[in-house]
Structure formats: C-alpha cells, structure tokens
Amino acid sequence: MNQKFIVKFEQGPYEQSYKISELDLTGGGVNEVFQIIDEEFIETVIERFKTMRTDFIVAYQKQQ
C-alpha cells in the first residue's frame, strides 16, 4: 500500500500500527520486515499495550 508495509498489532480494543517504507529497506522485502519485528520489539509492543490500557482506565475513571 503506497510502497509501504503496514504492521498492525491488536489486543482487545487497542491497536498499534507501524508503517515501513519500502525505500527504508535494503531489498529484503517482507522477509526484512520480519527481521525488524524481532522478539525485543514485540516485548516493547506488549508493554505499550499495558500502558495504553492503564491510560484508558485512568481517563475513563475521571468521567465516573
């Protein structure tokens, strides 16, 4: 899509999307994208989901 790979993670009502331009890759295509999305990156995504959930709960509770 527009010479970009879009990597999307979803957990319940939350989602994170990352766009990687083909121009930023060295020619490995989708295989190179999978090299970027390694175990360490996935761990940070999981932690970010936890933060997103906490942020939403706090914002929601302010309205109660």
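As a reminder, the structure under discussion sits directly above these lines.
Analysis parameters
Residues numbered from 1 in each chain as written. Predicted model: local features only at pLDDT ≥ 70, side-chain atom pairs only at ≥ 80, totals over all residues. Heavy atoms only, no water. Helix = DSSP H or I, 4+ residues; strand = E, 2+ residues; numbered from the N terminus. Rg over C-alpha atoms; globule rule 2.2 N^0.38 Å. Buried < 20%, exposed > 50% of the residue type's maximum accessible area, 1.4 Å probe, protein only. Phe/Tyr/Trp six-rings, centres within 6.5 Å; stacked < 30°, edge-to-face > 60°.

Participant: Break down the overall build of the chain for me, with residues and values.
Facilitator: Counting secondary structure elements, the chain contains two helices and two strands. When the helices and strands of the chain are read in sequence order from the N terminus, they spell out β-β-α-α. Against the globule reference of 11 Å for 64 residues, the chain gives a C-alpha radius of gyration of 15 Å, more extended than a compact globule. With respect to the principal axes defined by its C-alpha atoms, the chain has extents near 50 × 25 × 15 Å. Out of the 64 residues in the chain, the part that is buried amounts to 19%.

Participant: How would you explain the packing of aromatic side chains if you had to name every residue and give the values?
Facilitator: Pairs of aromatic rings are described using the distance from one ring centre to the other and the angle between the two planes. Counted under the stated rule, the structure contains five aromatic pairs. Measuring from centroid to centroid gives 5.1 Å for Y18 and F41, while their planes differ by 75 degrees, and the two rings are edge-to-face. Of the two residues, Y18 sits in strand β2 (residues 14–21) while F41 sits in helix α2 (residues 39–62), which places them 23 residues apart along the sequence. F41 gets classed as partly exposed once you look at its relative accessible area, which sits at 21%. Measuring from ring centre to ring centre gives 6.1 Å for F56 and Y60, while their planes differ by 25 degrees; the resulting arrangement is stacked. Of this pair, F56 and Y60 both sit in helix α2, four residues apart, which is roughly one turn of that helix. A relative accessible area of 48% places Y60 in the partly exposed class.

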